[in-house]
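Listed here are the chains, written in short residue letters.
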Amino acid sequence: QVHLVESGGGMVQAGGSLRLSCAVSGGGLGDDAMGWFRQAPGKEREFLVAIRWLSGATWYGDAARGRFTVGRDIAKNVVYLHLIRLKPEDTAIYYCAAGKGDYGLQFESFYDTWGQGTQVTVSS
């Protein structure tokens, strides 16, 4: 049973950067896809980016393209999300998730394992 734990969130001023981590434990991921989502207060959960664990292939959503970068360290069993040039509207809880399959990586329903989330707060 895969278990995911996010970390690295915090409070940062606009224009700043953060690196979020998602530690993976409890089982091998094989060719699972790892996704990052976020949910701002009063809004639906939003897809940011997905990465294939083995191949490293990535898919970026509109919200992440240009300022966010995903990576993974297979040896350390960690997936990263680098956030730069942060804006107040990036304030949200950021979640990582794991799922299997070939299509639909941008949808919540693709993923069957979720972390508890890490809060990112960007002040103006």
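Note that the coordinates shown come from a computational prediction; the quantities given were computed from them, not determined experimentally.

Caption draft 1: Here's a closer look at the overall build of the protein chain. A count of helices and strands for the protein chain gives zero helices and 11 strands. For the protein chain, the succession of helices and strands along the chain, N to C, is β-β-β-β-β-β-β-β-β-β-β. Relative to a compact globule of 124 residues, whose C-alpha radius of gyration would be 14 Å, the protein chain shows 13 Å and is just as compact. Across the 124 residues in the protein chain, those meeting the buried criterion constitute 45%. Carbon and sulfur atoms form 50% of the exposed surface of the protein chain, whose accessible area is close to 6,300 Å².

Caption draft 2: The sheet that holds strand β1 (residues 3-7), seen in detail. Pairing in this open sheet of four strands is antiparallel, and the strands run β1-β3-β8-β7 from one edge to the other. Where the open sheet ends on each side, the last strands, each with one partner, are β1 and β7 (68-73). Put simply, the sheet's adjacent strands are angled 20° from each other on average, direction ignored. Summarising the sheet, strand β3 (residues 18-25) and strand β8 (residues 78-83) pair through six bridges and their orientation is antiparallel. Paired with Ser21 across the bridge in β8 is Tyr80.

Caption draft 3: Spotlight on the state of the cysteines. Under the definition given, this model contains one disulfide. Covalently, Cys22 is tied to Cys96 through a disulfide, its sulfur atoms 2.0 Å apart. Because the torsion about its S-S bond is 60°, the bridge between Cys22 and Cys96 counts as right-handed. With a gap of 74 residues between them, Cys22 in strand β3 and Cys96 in strand β9 (residues 92-99) connect regions that are remote in the sequence.

Caption draft 4: Structural context of the environment of Asp73. With respect to the element layout, Asp73 can be found in strand β7. Here the side chain of Asp73 touches Lys76 through a polar contact of 3.1 Å, landing on its backbone nitrogen.

Caption draft 5: Spotlight on the nonpolar core. Counting residues in each nonpolar core, the largest one holds 28 residues, and the members touching the most others are Met34, Trp36, Leu81, Leu83 and Tyr94. Of all the elements in the fold, those that place two or more residues in this core are β3, β4 (33-39), β5 (46-52), β7, β8, β9 and β11 (118-123). Residues Ala33, Leu105, Phe110 and Tyr111 belong to the second largest nonpolar core, which totals eight residues.

Rules and cut-offs
- Along each chain, numbering runs from 1 in the same order as the chain's sequence is written.
- Per-residue local features of the predicted model are confined to residues with pLDDT of at least 70, and side-chain atom pairs are confined, for both listing and counting, to 80 or more; whole-chain, interface and lining totals are unaffected and use all residues.
- In computing side-chain values, all of the structure's heavy atoms are included and hydrogens and water are not.
- Under the scheme used here, helices are H or I runs from DSSP no shorter than 4 residues and strands are E runs no shorter than 2 residues, and both carry numbers assigned from the N terminus.
- Note on method: radius of gyration uses C-alpha positions; expected globular size equals 2.2 Å times residues raised to 0.38.
- For every residue, the accessible area (1.4 Å probe, protein chains only) is compared with the maximum for its type, and the residue is labelled buried under 20%, exposed over 50%, or partly exposed between those bounds.
- Residue burial considers only the protein chains on display, and all accessible areas are found by Shrake-Rupley using a 1.4 Å probe.
- A pair of strands is considered paired only if DSSP assigns at least 2 bridges between the two.
- Structural elements are reduced to axes, namely lines fitted to C-alpha atoms, with helices fitted over the stretch in contact, and the angle between N-to-C directions of any two is expressed from 0 to 180 degrees.
- A pair of sulfur atoms, both from cysteines and within 2.5 Å, is called a disulfide here.
- In protein, a polar contact requires one atom able to donate a hydrogen and another able to accept it; more generally it is a pair of N or O atoms within 3.5 Å, and residues adjacent in sequence count only if both atoms are side-chain atoms.
- Residues belong to a common nonpolar core when they are buried Ala, Val, Leu, Ile, Met, Phe, Trp, Tyr or Cys residues joined through side-chain atoms within 4.5 Å.

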